[in-house]
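Residue strings, one per chain:
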Amino acid sequence: MEHILQGLDAVLNFKCIMIIAAGVLYGIIIGALPGLGTILGIIILLPVTYSMEMVPSVALVLAVYCSAMYGGSIAAVLINTPGTPAAAATGMDGYPMTVRGKSDYALGWVTLSSIFGGLFSTCVLLLAAPQIASVALKFGPVETFALICLAMTCIITVSQGSVVKGISSGIIGLFLATVGGDPITGDMRFDFGYFPLTGGINLIAVLMGMFALSEVFVQAAHIKKGQDKTQIKAKSGMRIAPLSEWLKRKVTLIKAAVIGTFIGALPGTGSSLAVFVSYAEAKRAGAFREKLGTGEPEGLIASETANNAVCGGALIPTLALGIPGDAEAAVIMSALIIQGVQPGVRLLVDNPDIIYTAFISLAVINICMLFIAYLTSFAWTKVLSVPRSVLFSLVTIFALVGSYGVRGNPFDMLVALFAGILGFFMKRGGYSVIPLVIGLVLGPMFELSMRQSLIITDGNFIKLLVGHPIAVFIFVLVFFFLFGPFFLAWRTKRKDELSVGK
Amino acid sequence: MREGTSNILSGSIIILFGVAMLLEMAKAQYAGMGEGLGTGPAFFPRILMGAFIITGLLTILNGVRKKGNLLEPINKGKIFVFILITSVLFFSVSCLGFLFSVFPFLLVAMWVMGFRKKLLIVVISLIFSLSSWYLFNFVFEIILPTSPWFIYI
């Protein structure tokens, strides 16, 4: 309690709150602009933190981290151009809502879900950071493999129309993830002697192509003769749905927050895994599971709450163990080291006030985000008042810059172009592009953890299950996720037949 | 084209791709990979290739069994032209630079997409290409591709 009060004292002052507000605004803009992303946003700001005191600099970096996560969803919702892989899931329900003229509500759901996720993970951190850190350490390759299998079930649940086509799409994604250096031996695979392929297929470039460019091509394909004056029915600003609507989806909200916090705490996982596990769970057990993927707010809750809960969760291994969970956490860790703070097991014992100050900052950042998101939403939704023909021409440029900006590699622009053409034909043939993205996002982790698990257990699948009770529990969940819906459908059908017979 | 024909076509492409990649993996380059590891670099891709062939076959089977409805009609001319100009943009940006590729692309793209206000097209193209070039190059310091004639443009 004493440390929490110290943290409150350090953060709740005018200077710190202003720095947090500036960081949040900057982070939202960075996140919403395709191709920049959280890491670049923090790196650009790092030199600014050199001359600052420890608390404001940590607060600034965390503000950019959390708000860029949120900002990535704005572009996904409004123009179907996710700024981050995790925001891809947000676009699945957010963009259909925008097309239906409910962009204001979509932004409301996204904002409040993000803030709830962020505040939930902060509360958990304040109460149980050391305990979660000790559980997280029990997750080895086998448990991580089981967890990724759980996220992979999402491929089947998000396959609209044909499950076989969804699986095909997912396999294409997994295949694309294998291009380039092998994760264990470094041997080159599927480079066909072409040098740019040795660096692998850039995920952001594929995202830009599959979502933004393919959508532009779909729009072009549906233009009728004559002048185009159509606009997406824009609603200005942000609107919050009534409390009753939130209460109908409360279970998904809480589950997503728990999933995000816990997966965030696992080193080497990241927000994408959390988002897809949460989405799969919402698709399995959500109150509106049948409507997910068609513009249902429950999908936004599942993805956004988990996405922002990861921010808090990821700080547990970063600060308490000195293990950065993902690339963003690694950049945050370097910002702390610049300030003379050495994250690790001793930090919790020697300087708990630093950890609690960071946690309190997170809470303040999330509250700040609500106000700034509300004020900036009017500007964002103005984008939609631009005629469709102009908007989608500009989206093409965003896709171009977005794919190029991450690595500064012209090859990535070509990847985006081919992904866009492939995405267009996939959509035309009834193949969902979302499983492909899931496969590509989770593919490297999936292959690495599977092969590590098999190496640890000498290729023995029984050994793999026997010595790892956590993994067994997760595999049981995977089985339930995969076959549960079929069993329930069969049982309902049988009940109906019996009642008709009677 | 009917859905069934589309399924047969896409299933065949998937199988062909799977077989082509299996043949690629039969090359000497993959033979000695990961020796002594048990599960080498070729282990996971081989599983994927098998899965490609199975799902491709299932898709073809589905197409043969069910002819389905006609696919939704599209404006083939527009989509061809738009893909063409986008391809020209993505290929030309590395040789002509960002500004010299994006400005003409926007002029043509807005016209192709059906926007007919000529003056506005020129103004939007100019403002958007200049502002995005300035923002990325000088504010975010992401150096966009340049032309062979100027240092920054």
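Residues numbered from 1 in each chain as written. Chains lettered and ligands numbered in written order. Predicted model: local features only at pLDDT ≥ 70, side-chain atom pairs only at ≥ 80, totals over all residues. Heavy atoms only, no water.

Here's the deal with the overall build of chain A
Here is the rule we go by: Here a strand is any run of E in DSSP of at least two residues, a helix any run of H or I of at least four, and the numbering for each starts at the N terminus. The contact definition used throughout considers only heavy atoms, calling two residues in contact when any of these lie within 4.5 Å. What sets the accessible areas is the Shrake-Rupley method with a 1.4 Å probe; for residues, cover comes only from the shown protein chains. As used throughout, the charge tally considers Lys and Arg to be positive and Asp and Glu to be negative, leaving His and the chain termini uncounted. Here the site of a charge means NZ on Lys, CZ on Arg, CG on Asp, or CD on Glu.
Within chain A one finds 21 helices and 2 strands. In terms of its C-alpha atoms, chain A occupies a principal-axis envelope of roughly 65 × 65 × 60 Å. For chain A, long-range pairs separated by at least 24 residues make up 80% of all intrachain contacts whose partners lie at least 6 apart in sequence. Carbon and sulfur atoms form 69% of the exposed surface of chain A, whose accessible area is close to 18,500 Å². Side-chain charges in chain A split into 33 positive and 26 negative, and the spacing between the mean points of these groups amounts to 14 Å.

With respect to the interface of chain A and chain B
Convention followed: Using a 1.4 Å probe, buried area is obtained as the accessible area two parts lose upon being combined, added over both of them. A carboxyl oxygen of Asp or Glu within 4 Å of a side-chain nitrogen of Lys or Arg is what we treat as a salt bridge. Under the rule applied, a polar contact is a pair of N or O atoms within 3.5 Å (in protein, one hydrogen donor and one hydrogen acceptor; residues adjacent in sequence only if both atoms are side-chain atoms). Put simply, Ala, Val, Leu, Ile, Met, Phe, Trp, Tyr, Cys and Pro go in the nonpolar bin, Asp, Glu, Lys and Arg in the charged bin, and everything else, Gly too, in the polar bin.
Taken together, the 63 residues of chain A in the interface contact 63 residues of chain B. Between chain A and chain B, the buried area comes to about 5,600 Å², and carbon and sulfur atoms account for 79% of it. Seen at the junction of chain A and chain B, the total is 0 salt bridges. Across the chain A-chain B interface, the total number found is 10 residue pairs in polar contact (both at pLDDT 80 or more). For the side of chain A that touches chain B, the element with the most residues is helix α17 (residues 388–405) of chain A, which contributes 12 residues. Residues belonging to the side of chain A that touches chain B are distributed by class as follows: 42 nonpolar, 12 polar and 9 charged.

Structural notes on the packing of aromatic side chains
This is how it is decided: Only rings of Phe, Tyr and Trp enter the pairing, Trp through its six-membered ring, and a pair is recorded when the two centres are within 6.5 Å. The plane angle decides the type: under 30 degrees is stacked, over 60 is edge-to-face, the rest tilted. Three exposure classes are used, based on accessible area relative to the maximum for each residue type with a 1.4 Å probe and protein chains only: buried under 20%, partly exposed in between, and exposed over 50%.
Counted under the stated rule, the structure contains 21 aromatic pairs over all chains. Summarising the aromatic geometry, the rings of Trp 109 of chain A and Trp 246 of chain A are spaced 4.4 Å apart at their centres and angled 35° between planes, so their arrangement reads as tilted. Of this pair, Trp 109 of chain A sits in helix α6 (residues 103–136) while Trp 246 of chain A sits in helix α10 (residues 243–248), and the two are 137 residues apart along the sequence. Its relative accessible area of 3% is what places Trp 109 of chain A among the buried residues. Connected via pairs of aromatic rings, a cluster forms that spans Phe 175, Phe 190 and Phe 192 of chain A together with Phe 17, Tyr 30 and Phe 52 of chain B.

What about the packing of helix α1 (residues 3–25) of chain B against helix α3 (residues 43–65) of chain B?
All names here are of chain B. Rule in force here: A fitted line through C-alpha atoms serves as each axis, taken over the contacting stretch for helices, and the angle formed by two N-to-C directions is quoted from 0 to 180°. Between 65 and 115 degrees an angle is taken as roughly perpendicular, under 35 as roughly parallel, over 145 as roughly antiparallel, and anywhere else as oblique. Here is the rule for handedness: rotate from the far helix to the near one, and if that takes an anticlockwise turn smaller than a right angle the crossing is left-handed, while a clockwise turn gives right-handed.
Put simply, α1 and α3 touch, their axes get as near as 7 Å, and they point 160° apart. In terms of axis orientation, α1 runs roughly antiparallel to α3. In the packing of α1 onto α3, the handedness of the crossing is left-handed. Each residue belonging to the contact of α1 with α3 can be placed in one class, and the counts come to 15 nonpolar, 10 polar and 1 charged.

Focus on the environment of Ala 146 of chain A
All names here are of chain A. Relative to the helices and strands, Ala 146 resides in helix α7 (residues 141–157). In sequence terms Ala 146 and Ile 171 are 25 residues apart; their C-alpha atoms lie 18 Å from each other. Beyond its immediate stretch of four places on either side in the chain, Ala 146 contacts Ala 471, Ile 474, Phe 475 and Val 478.

What about the layout of surface pockets?
Inclusion rule: Whether a set of points on the 1 Å grid over the protein atoms alone is a cavity depends on a 1.4 Å probe fitting there but being unable to get out, while an open set qualifies as a pocket with protein on both sides within 12 Å along at least five of seven lines; lining residues are those with an atom within 4 Å of a point. Grid points are joined across faces, edges and corners, and a volume is the space filled by probe spheres set on the points.
Of the voids in this model, the largest pocket is the one considered here, and its volume is about 1,200 Å³. Every element with two or more residues in the lining of the largest pocket is listed here: α8 (163–178), α9 (203–221) and α18 (410–428) of chain A together with α1 and α4 (76–96) of chain B. For the lining of the largest pocket, the element with the highest residue contribution is α18 of chain A, accounting for 11 residues. The residue inventory of the lining of the largest pocket, partitioned by class, reads 31 nonpolar, 3 polar and 2 charged.

A short note on a nonpolar patch on the surface
Residues and elements named next belong to chain B. Worth spelling out the cut-off: A patch consists of residues exposed above 30% relative accessible area that lack any salt bridge, with like charges linked at up to 9 Å and nonpolar side chains (Val, Leu, Ile, Met, Phe, Trp, Tyr) linked at up to 5 Å.
Nonpolar side chains collect at one region of the surface, where Leu 119, Val 123, Leu 126, Ile 127 and Leu 130 lie side by side and expose about 470 Å² of accessible area between them. With respect to the helices and strands, Leu 119 occurs in helix α6 (residues 118–139). The exposure class assigned to Leu 119 is exposed, which follows from its relative accessible area of 68%.

Focus: unusual backbone geometry
As a rule of thumb, non-glycine residues mostly have phi less than zero, and peptide bonds are mostly trans rather than cis. Residues and elements named next belong to chain A. Even without being glycine, Phe 190 reaches a positive phi, approximately 50°. A relative accessible area of 1% means that Phe 190 is categorised as buried. Unlike most non-glycine residues, Phe 192 shows phi in positive territory, near 50°. Accessibility expressed as a relative area gives 46% for Phe 192, which makes it partly exposed.

Quick word on the state of the cysteines
Simply put, the disulfide is a covalent bond whose two ends are the sulfur atoms of two cysteines. Applied cut-off: Cysteine sulfur atoms are paired as a disulfide whenever they come within 2.5 Å of each other.
For the coordinates displayed, the defined rule picks out 0 disulfides over all chains. The thiol sulfur of Cys 16 of chain A is not disulfide-bonded, and the nearest other cysteine sulfur, from Cys 368 of chain A, lies at 9.8 Å.

Quick look at the pattern of salt bridges
Residue and element names in this part refer to chain A. If you walk through the whole model with that rule in mind, you get 14 salt bridges over all chains. The salt bridge involving Asp 182 is made with Arg 451; its shortest N-O contact spans 2.5 Å. Placement of Asp 182 in the loop between β1 (180–181) and β2 (188–189) and of Arg 451 in helix α19 (residues 434–456) is noted, with a sequence separation of 269 residues between them. Note on Asp 182: relative accessible area 5%, which makes it buried. The partner of Glu 447 in a salt bridge is Arg 451, with the nearest N and O atoms 2.9 Å apart. Of the two residues, Glu 447 and Arg 451 are both situated in helix α19; the distance of 4 residues between them amounts to about one turn of the helix. Residue class for Arg 451 comes out buried when judged on its relative accessible area of 0%.

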